[in-house]
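# Observations on the model geometry
Now for the letters of each chain:
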Amino acid sequence: MPETSPTATENQPNESPRKSSTLSELPREIWVLISGGFIVAIGMGIVSPALPTFATSFNVGVTAAAFIVSAFALMRLVFAPASGRLVSAFGERPNYVLGIVIVGISSTACAFAQSYWQLLVFRGLGGIGSTMFTVSALALLVRLAPAHLRARASGLWATSFLLGSISGPVLGGLLIGFSLRLPFLIYGIALYLAAFVGWFLLRDSTLADPQQHTDAPDLKVLTALRDSSYRASLLANFSKGWTAQGVRIALIPLFIVEAMRLPDAMTGIALSVFAAGNAAVLLPAGRLADSRGRKPMLLSGLAIAAVGSAAIGFSESVPWLLGASLVGGIGMGLCTPAQSAAVADIVGPKAKGGPVLAAFQMSADVGTIIGPPLAGALAGALSYRAAFLLTGCVALVAMVTWLFAPETLGRKSRSEPTDPDRPVESADPA
């Protein structure tokens, strides 16, 4: 069915995206990714408030507890290049399903950890499966989403995660009252369910068949790095990893319990408010990024995220804490669809971009790895306020980098130029 492939819309750049034609034009495979992402996110949200507290139950300090979060990202980082090559060699579908299964096994093992070091190893091994799942899903989004709906497809996929994240932390906060191990068992079950859904619904898909693009050109990371927009995307994703995937999960629970002297259940509420801010703006941000450009959404989103992240450190009351969490979530939600869509614009649907997408994911993992230990050490040496100020500064640096990068919306993808090694820099309409 090549003639009905969604990538056919790649040759219709002037098609108006004003009306949300997402439901009718996005292929079924993308909705499978959205469903799987929602299931995975519920489990991730359940674990988020339990992970740092479970680590400190083994009599370790703030920095060691924060490193539990970084260990997961470290394994993602180490395995990401291999994951990108596996996607290019064998296709997205098998890596997607196998990756989720590996994380499920890791989470189940965490529930039975008897020491800090066992928890560290089990949690870290899950990073291998996580990067397989993430790179595969991103590669499918790039390949299957029509060009004029890329940001909205990315926004829908991110929304599926965040809708799960809204309910997950609240449930996780309640489960902590019964057992610190129970959230990990629930997470494992959710992942096994997501793997089954992905396998069952993608098993007969011709669009997701890796054989369809075996002759596609390879896009090398060094070639993509010549593009200033790709470099800016890497730094923005680094900021996202540092803030949303690292410091938010590792330090906010400790800040709430140790500095603000609030009950553990408030951790789940604060994380859910952040996720709610994300979810509220993701779809509108995707529509704007598809119609007005990726760059305006990235600049505004990173600026708002910086303010929200820094403001958390000044929290002295529950309303201030929840307000700052909401602002930070809105900021990340504004830039997330545009960020993924910008990378998709650079790669295009016709190239084998597994390594390039893996490098993009690695940038977030680097932020997740070094953010919690550095911010945790700063919190221990100075204050939590200094740690969250540093987090806000990271987002500001990413914003400044995008100021000097060109817009990617409407450019010819890197898989289409006559000379594939020649960088493509579009004019900056701003």
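Throughout what follows, the structure given in this document is the object of discussion. Values in this document were obtained by computation on a predicted structure and should not be read as measured data. (Residues numbered from 1 in each chain as written. Predicted model: local features only at pLDDT ≥ 70, side-chain atom pairs only at ≥ 80, totals over all residues. Heavy atoms only, no water.)

A count of helices and strands for the protein gives 16 helices and zero strands. A buried classification covers 60% of the 430 residues belonging to the protein. Here the contacts in the protein between residues at least 6 apart in sequence split such that 87% fall between residues at least 24 apart. Accessible area for the protein stands at about 16,300 Å²; split by element, carbon and sulfur atoms hold 68% of it. (Helix = DSSP H or I, 4+ residues; strand = E, 2+ residues; numbered from the N terminus. Buried < 20%, exposed > 50% of the residue type's maximum accessible area, 1.4 Å probe, protein only. Contact = heavy atoms within 4.5 Å. Areas by Shrake-Rupley, 256 points an atom, 1.4 Å probe, with all protein chains shown as cover.)

We now examine the packing of helix α4 (residues 62-90) against helix α5 (residues 92-110). Taken N-terminus to C-terminus, the directions of α4 and α5 make an angle of 135°; their axes are 7 Å apart at the nearest point. By the criterion of interaxial angle, the relationship of α4 to α5 is oblique. Judged by residue contacts, Leu 86, Val 87 and Phe 90 of α4 engage Glu 92, Pro 94 and Asn 95 from α5. Looking at the contact of α4 with α5, its residues break down into four nonpolar, one polar and one charged. (Axes fitted to C-alpha atoms, helices over the stretch in contact; angles between N-to-C directions. Parallel < 35°, antiparallel > 145°, perpendicular 65-115°, else oblique. Nonpolar A, V, L, I, M, F, W, Y, C, P; charged D, E, K, R; others polar.)

Here we take up the environment of Ala 289. With respect to the secondary-structure elements, Ala 289 resides in helix α12 (residues 265-291). Distance from Ala 289 to Arg 150, taken between C-alpha atoms, is 8.9 Å for residues 139 residues apart in sequence. Leave out the neighbours within four places in its chain, and Ala 289 touches Ala 151, Arg 294, Met 297, Ala 338 and Leu 409.

Glancing now at the packing of aromatic side chains. Throughout the structure, instances matching the rule amount to ten aromatic pairs. A centroid spacing of 5.4 Å and a plane angle of 45° characterise the contact between Tyr 96 and Phe 133, whose relative ring orientation is tilted. Residue Tyr 96 is located in helix α5, and its partner Phe 133 is located in helix α6 (residues 116-144); the two are separated by 37 residues in the primary sequence. Residue class for Tyr 96 comes out buried when judged on its relative accessible area of 1%. The exposure class assigned to Phe 133 is buried, which follows from its relative accessible area of 6%. Arranged with centres 6.0 Å apart and planes meeting at 40°, the rings of Phe 196 and Trp 199 form a pair that is tilted. Here the residue Phe 196 and the residue Trp 199 both occupy positions in helix α8 (residues 182-202), the gap between them amounting to three residues, near one helical turn. For Phe 196, a relative accessible area of 45% puts it in the partly exposed group. A relative accessible area of 44% means that Trp 199 is categorised as partly exposed. One aromatic cluster in this structure is built from Phe 54, Phe 58 and Phe 184. (Phe/Tyr/Trp six-rings, centres within 6.5 Å; stacked < 30°, edge-to-face > 60°.)

Here Arg 261 shows up in the loop between α11 (252-259) and α12. One polar contact links the side chain of Arg 261 to the main-chain carbonyl oxygen of Glu 258, over a distance of 3.2 Å. (Polar contact = N/O pair within 3.5 Å; in protein donor to acceptor, adjacent residues only side chain to side chain.)

Here we come to the side chain of Ser 154. As for its placement among the helices and strands, Ser 154 is situated in helix α7 (residues 150-176). By relative accessible area, which is 9% here, Ser 154 ends up buried. Residues contacting Ser 154, with those up to four places away along its chain left out, are Pro 337, Ser 340 and Ala 341.

With 49 residues, the main nonpolar core has Ile 30, Tyr 96 and Leu 119 as its most contacted residues. Secondary-structure elements contributing two or more residues to this core are α2 (28-47), α3 (50-56), α4, α5, α6, α7, α8 and α10 (228-250). (Core = buried A, V, L, I, M, F, W, Y, C linked by side-chain atoms within 4.5 Å.)

Counted at 1.5 Å a residue, the expected span for helix α13 (residues 294-312) with its 19 residues is 27 Å, and the 27 Å between its end C-alpha atoms agrees. Across the 19 residues that make up α13, a large majority, 14, are buried. (Expected span 1.5 Å × (residues − 1).)

Once that is clear, we can look at the pattern of salt bridges. Oppositely charged side chains can pair when the atoms bearing their charge come close. Counted under the stated rule, the structure contains five salt bridges. With its nearest N and O atoms 3.1 Å apart, the salt bridge here joins Arg 152 to Asp 290. In this pair, Arg 152 is assigned in helix α7 and Asp 290 in helix α12, connecting sequence segments 138 residues apart. The exposure class of Asp 290 is buried, given its relative accessible area of 5%. The residue Arg 294 makes a salt bridge to Asp 345 at a minimum N-O spacing of 2.8 Å. Placement of the pair is Arg 294 in helix α13 and Asp 345 in helix α14 (residues 318-347), with a sequence separation of 51 residues. Side by side, Arg 294 and Asp 345 carry an identical accessibility label, which is buried. In the salt-bridge network here, residues are joined through shared partners; they are Arg 150, Arg 152, Asp 290, Arg 294 and Asp 345. (Salt bridge = Lys/Arg side-chain N within 4 Å of Asp/Glu carboxyl O.)

Tracing the chain through its elements places Ser 229 in helix α10. At 2.6 Å, the side chain of Ser 229 and the backbone oxygen of Pro 406 are in polar contact.

Let us look at the packing of helix α15 (residues 354-381) against helix α16 (residues 384-403). Packing of α15 against α16 leaves a shortest axis separation of 7 Å and a crossing angle of 150°. Put simply, α15 runs roughly antiparallel to α16. For α15 against α16, the interelement crossing comes out right-handed. Across from Ala 375, Leu 378 and Ala 379 in α15, the residues of α16 making contact are Tyr 384, Ala 386, Ala 387 and Leu 390. A breakdown of the residues in the contact of α15 with α16 according to their chemical character gives seven nonpolar, no polar and no charged. (Left-handed = near helix turned anticlockwise from the far one by under 90°.)

By themselves, these observations are geometric and do not establish any function.
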